[in-house]
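Examination of the molecular architecture
Next come the chains, spelled out residue by residue.
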Amino acid sequence: MDNNHKHHHSEEHRREVSNRLARAIGHLQKVKKMVEDDEDCSEVLVQLAAVKSAINNTGKVILKDHMNHCIVHAVEDGDTEMLSELSDAIDKFIK
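Residues numbered from 1 in each chain as written. Predicted model: local features only at pLDDT ≥ 70, side-chain atom pairs only at ≥ 80, totals over all residues. Heavy atoms only, no water.

Overview of the packing of helix α1 (residues 11-36) against helix α2 (residues 41-76)
Relative to each other, α1 and α2 sit at 165°, their axes nearing to 9 Å. Viewed along their axes, α1 and α2 adopt a mutual orientation that is roughly antiparallel. Helix-helix and strand crossings are classified by hand; for α1 and α2 the assignment is left-handed. When its residues are assigned to classes, the contact of α1 with α2 shows 15 nonpolar, five polar and five charged. (Axes fitted to C-alpha atoms, helices over the stretch in contact; angles between N-to-C directions. Helix = DSSP H or I, 4+ residues; strand = E, 2+ residues; numbered from the N terminus. Parallel < 35°, antiparallel > 145°, perpendicular 65-115°, else oblique. Left-handed = near helix turned anticlockwise from the far one by under 90°. Nonpolar A, V, L, I, M, F, W, Y, C, P; charged D, E, K, R; others polar.)

Rendered as structure tokens:
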């Protein structure tokens, strides 16, 4: 996949994604500690669900920005390969 597209993401977008990832990492670290502390499996699963949700929501933010900016610019520039790359990325993300 060509990661050298011309569009640059705004500082606000990068900060939002970074903050979301930091929260997901925090959740995951909590899950790791819960396992190490031999906490209740049901509670561990609930926390894992929170991690999955945080990651999925971060992916949605990235996907929406990609579609609204990168893909729009690629289509304007006649770059149809970017659409194929987006389709492949969605398939991998949704697995």
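There is more to say, and it comes next.
Observations concerning a nonpolar patch on the surface
Together, L21, I25 and I55 make up a nonpolar patch on the protein surface, roughly 250 Å² of accessible area in all. Tracing the backbone through its elements, the reader meets I25 in helix α1. Judged by relative accessible area, I25 falls into the partly exposed class, the value being 49%. (Patch = residues over 30% accessible without salt bridge, like charges linked within 9 Å, V, L, I, M, F, W, Y side chains within 5 Å. Areas by Shrake-Rupley, 256 points an atom, 1.4 Å probe, with all protein chains shown as cover. Salt bridge = Lys/Arg side-chain N within 4 Å of Asp/Glu carboxyl O. Buried < 20%, exposed > 50% of the residue type's maximum accessible area, 1.4 Å probe, protein only.)

Considering the environment of K95
Here K95 is to be found in the segment after α3 (81-94). With 31 residues separating them in the primary sequence, K95 and K64 have C-alpha atoms 18 Å apart.

Examining the packing of α2 against α3
As a packed pair, α2 and α3 sit with axes 11 Å apart at the nearest point and diverge in direction by 170°. As judged from the angle between their axes, α2 and α3 are roughly antiparallel. Counted together, I55, N56, G59, K60, L63, H66, M67, I71, A74 and V75 of α2 and M82, L83, L86, I90 and F93 of α3 form the full contact between these two elements. Within the contact of α2 with α3, the residues separate by chemical class into 11 nonpolar, three polar and one charged. (Contact = heavy atoms within 4.5 Å.)

Regarding the pattern of salt bridges
All chains considered together, the criterion is met by five salt bridges. Among the charged side chains, a network of salt bridges with common partners joins E11, R14 and R15.

Digging into unusual backbone geometry
Backbone geometry places D38, a non-glycine residue, at a positive phi of 55°. With respect to the helices and strands, D38 occurs in the loop between α1 and α2.

Topic: the confidence of the model for the protein
Summarising the model, the protein shows a mean pLDDT of 87, and 93% of its residues fall at 70 or more. Confidence, expressed as mean pLDDT per element, reaches its minimum in the protein at α3 with 87 and its maximum at α1 with 94. (pLDDT = per-residue confidence, 0-100.)

Looking at α3
Given a rise of 1.5 Å per residue, 14 residues ought to cover 20 Å, and the 20 Å separating the end C-alpha atoms of α3 matches this to within 8%. Those residues of α3 that sit buried are M82, E85 and L86. Buried residues along α3 cover an arc of 105° about the axis, so they all sit on one side. Buried-residue contacts for α3 involve α2. (Expected span 1.5 Å × (residues − 1). Arc of directions from axis to C-beta.)

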